[in-house]
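Coordinate analysis (summary)
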Amino acid sequence: MPRQITEMEIESAKMELPDVKTVRLKWPEGFDPDFKTGQFITVFWPDTPNYKRAYSLSSCALDRGFFEITIKRDGKMGTRMVDWAKAGDRLGVIPPVGKFLPVLEPDAHLLCIAGGSGVTPFRGFVREATRRKLSTRITILYSVRTTNDIIFNDEFRELAQQNPNFSFQVTCTRLSEQDPWTGRRGRIDAAWVKENIVDLPKTTFYACGPNALVDGTEHLVVSEMGLPKAQMKTEKWG
Ligand SMILES: Cc1cc2nc3c(=O)[nH]c(=O)nc-3n(C[C@H](O)[C@H](O)[C@H](O)COP(=O)(O)OP(=O)(O)OC[C@H]3O[C@@H](n4cnc5c(N)ncnc54)[C@H](O)[C@@H]3O)c2cc1C
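Residues numbered from 1 in each chain as written. Predicted model: local features only at pLDDT ≥ 70, side-chain atom pairs only at ≥ 80, totals over all residues.

**Some remarks on the nonpolar core**
If you look at the biggest cluster of nonpolar residues, it comprises 51 residues, and the most contacted ones within it are Ile41, Cys112, Ile113, Ala114, Ile138 and Ile140. Both of domain 1 (6–97) and domain 2 (109–236) provide at least three residues apiece to this core. With residues near it in sequence (within four places) discarded, Ile41 still touches Tyr55, Leu57, Phe67, Ile69, Val93, Ile94, Pro95 and Pro96. (Core = buried A, V, L, I, M, F, W, Y, C linked by C-beta atoms within 7 Å. Buried ≥ 20, exposed ≤ 12 C-beta atoms within 10 Å, placed from the backbone. Domains from an automatic or database assignment. Contact = placed C-beta atoms within 7 Å.)

Set out below in structure tokens:
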């Protein structure tokens, strides 16, 4: 059965970075959906109802009354959302679906490998685990070009303070040698991933984002490291 389309008002729009915006969509009266952290919604502008695009929820299932999505300025919809979406605008929304779900079990370890905007659903994962005070271990290994490209930097660092089972680690791939960053540099590689595996049978690997990034991560984890594909969950954005 097709999911019902609901029109929602943009309650707020926040620039996270010069090319990344979080849009909060207010649920209308009586709308109280059953959905899961990690799913995505599909949105469209009422003036172009045939141009629909999917966005992972960057909020979590415990957030009631609104959906948040975080969009990078890329392509037609990405540009319109980042440059033009503002509080008071209305968007058509197809409610959440998807199977990119966090395994929030007590002794599980979620090793989330992200690049650029692919980090968006992991904010929802960590938010839910932190609010519920779960013992589930979550590690984000995040690759960005420079320190100016880290989405949710303050928020992830704050969540790491609140949640002893969450670790947020960043590597920068295109910093100049003179940059004062003392953290990790270079691409995500097998050695770094291995360093962060505590108990392999209990680890689930997650990768999300543009196809090239997800394919690259899958190649690293499954082909290069020989880790089981059954322990990997991916979400390809196209
Ligand atoms: C399940 C799902 C979840 C998604 N979640 C998000 C999200 O949370 N945030 C988000 O910004 N986008 C997300 N996307 C991508 C989004 O749906 C759009 O494709 C994106 O905003 C580009 O808009 P467009 O399709 O109008 O661009 P078009 O003009 O059709 O161009 C699309 C081009 O952009 C590339 N592309 C798409 N998204 C990105 C990106 N973020 N970074 C770099 N290249 C990209 C595609 O490979 C393609 O080459 C998601 C896609 C899917 C399928």
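And the narrative resumes.
**With respect to the sheet that holds strand 6 (residues 90–97)**
Spatial ordering of the open sheet is given by 4-3-6-1-2-5, a layout of six strands whose pairing is antiparallel. Because the sheet does not close on itself, it has two edges, and the strands there are strand 4 (53–56) and strand 5 (66–72). Each neighbouring strand pair of the sheet contributes to a mean axis angle of 40°, computed without reference to strand direction. Bridge count for strand 2 (residues 20–26) against strand 5 is seven bridges, and the pairing is antiparallel. Residue pairing in the sheet places Val20 in a bridge with Lys72 of strand 5. Together, strand 2, strand 4 and strand 5 form the strand contacts of helix 1 (residues 75–84), whose direction differs from that of strand 5 by roughly 115°. (Pairing = 2+ DSSP bridges. Helix = DSSP H or I, 4+ residues; strand = E, 2+ residues; numbered from the N terminus. Axes fitted to C-alpha atoms, helices over the stretch in contact; angles between N-to-C directions.)

**Looking at the sheet that holds strand 12 (residues 232–236)**
Pairing in this open sheet of six strands is parallel, and the strands run 10-9-8-7-11-12 from one edge to the other. Single-partner strands in this sheet number two, and they are strand 10 (184–185) and strand 12. Here strand 9 (residues 166–172) runs beside strand 10; their pairing, made up of two bridges, is parallel. Bridge pairing in strand 10 links Cys172 to Arg185.

**Overview of unusual backbone geometry**
Of note in this structure, Lys133 is not a glycine but carries a positive phi near 50°. Tracing the sequence through the fold places Lys133 in the loop between helix 2 (120–131) and strand 8 (137–144). Looking at Lys133, the number of C-beta atoms within 10 Å reads 9, which means it is exposed.

**Re the domain arrangement of the protein chain**
Under the domain assignment used here, the protein chain contains domain 1 (6–97) and domain 2 (109–236). Taken together, the contacts link 14 residues of domain 1 with 15 residues of domain 2. For the side of domain 1 that touches domain 2, the elements supplying multiple residues, two or more each, are strand 1 (6–17) and strand 5. For the side of domain 1 that touches domain 2, the per-class residue count stands at six nonpolar, six polar and two charged. (Nonpolar A, V, L, I, M, F, W, Y, C, P; charged D, E, K, R; others polar.)

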